[in-house]
Amino acid sequence: MGCCSARCMLILLCCLQLITALERQVFDFLGYQWAPIMINFFHIIVVILGLFGVIQYRSRYVIMYLLWTLLWVGWNVFVSCLYLDLGGLSKDSDILSLGVSSHRSWWKDNGPGCQSDGLPSAGWQNQKNPELTTVLSCWLEYQYIEILHCIVQLLVSLPGFVYACYVVSTFSDEEDSFNFIGEFHHPSKPSQLLF
């Protein structure tokens, strides 16, 4: 096995997915966005299982990773459409917070270069409601930061899907040619078991 084999590339892509998913999970926790928190949690678990499957030559775990990757791509496309207000979706809806809280993306108030307007009076200073602060200007608006997160996930997931397909086909070829007793099966010669 070379260092640039499909298996090694899939291990690298899974590690990149873990790093980017953990980063995304942190900022979703800061923004109290419960739907992305749950989806990211499942994604982290499935990527770990897929990584285990690649390392241990377990094709079922890699197939589970493949199926989850299709759902993950769909989720990231949905989130991108939500933040771009496409398809009747609105970034101002409470879909991502599951209607539990009025919190929005953490990046809305804390994005790069954001300057927030002070609260109207000193009596409001002790309030913890994020709706009371208004952001005047940001270097990059929050919805574009969220879309960049989705694009990074897609750029790592799509090659991961392709490599996982190849790795599964390689694993199944190896499973077909080995009979687990210590000899290789030749199609022209019937296998004989020694008792």
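Remember, predicted model here, so these are calculated numbers, not experimental data. (Residues numbered from 1 in each chain as written. Predicted model: local features only at pLDDT ≥ 70, side-chain atom pairs only at ≥ 80, totals over all residues. Heavy atoms only, no water.)

(A) Structural detail: the confidence of the model for the protein chain. In this model, the protein chain carries an average pLDDT of 78, and 69% of its residues clear a pLDDT of 70 or more. Low pLDDT (under 50) marks residues 189-195, which in the prediction has two contacts with non-local residues, meaning those over four places away or in another chain. (pLDDT = per-residue confidence, 0-100. Contact = heavy atoms within 4.5 Å.)

(B) Here's a closer look at unusual backbone geometry. For tyrosine 57, which is not glycine, the phi torsion reads 60° and is therefore positive. When you line up the elements, tyrosine 57 lands in the loop between α2 (34-55) and α3 (59-83). Given a relative accessible area of 40%, tyrosine 57 falls into the partly exposed group. Non-glycine residue aspartate 85 carries a positive phi angle of around 60°. Here aspartate 85 shows up in the loop between α3 and α4 (107-110). The exposure class of aspartate 85 is partly exposed, given its relative accessible area of 36%. (Helix = DSSP H or I, 4+ residues; strand = E, 2+ residues; numbered from the N terminus. Buried < 20%, exposed > 50% of the residue type's maximum accessible area, 1.4 Å probe, protein only.)

(C) Region of the structure containing the state of the cysteines. Summed over the entire model, instances satisfying the criterion amount to zero disulfides. Of all cysteine sulfurs, the one in cysteine 14 lies closest to cysteine 15, which takes part in no disulfide; the gap is 7.0 Å. Cysteine 15 gets classed as partly exposed once you look at its relative accessible area, which sits at 32%. (Disulfide = S-S within 2.5 Å.)

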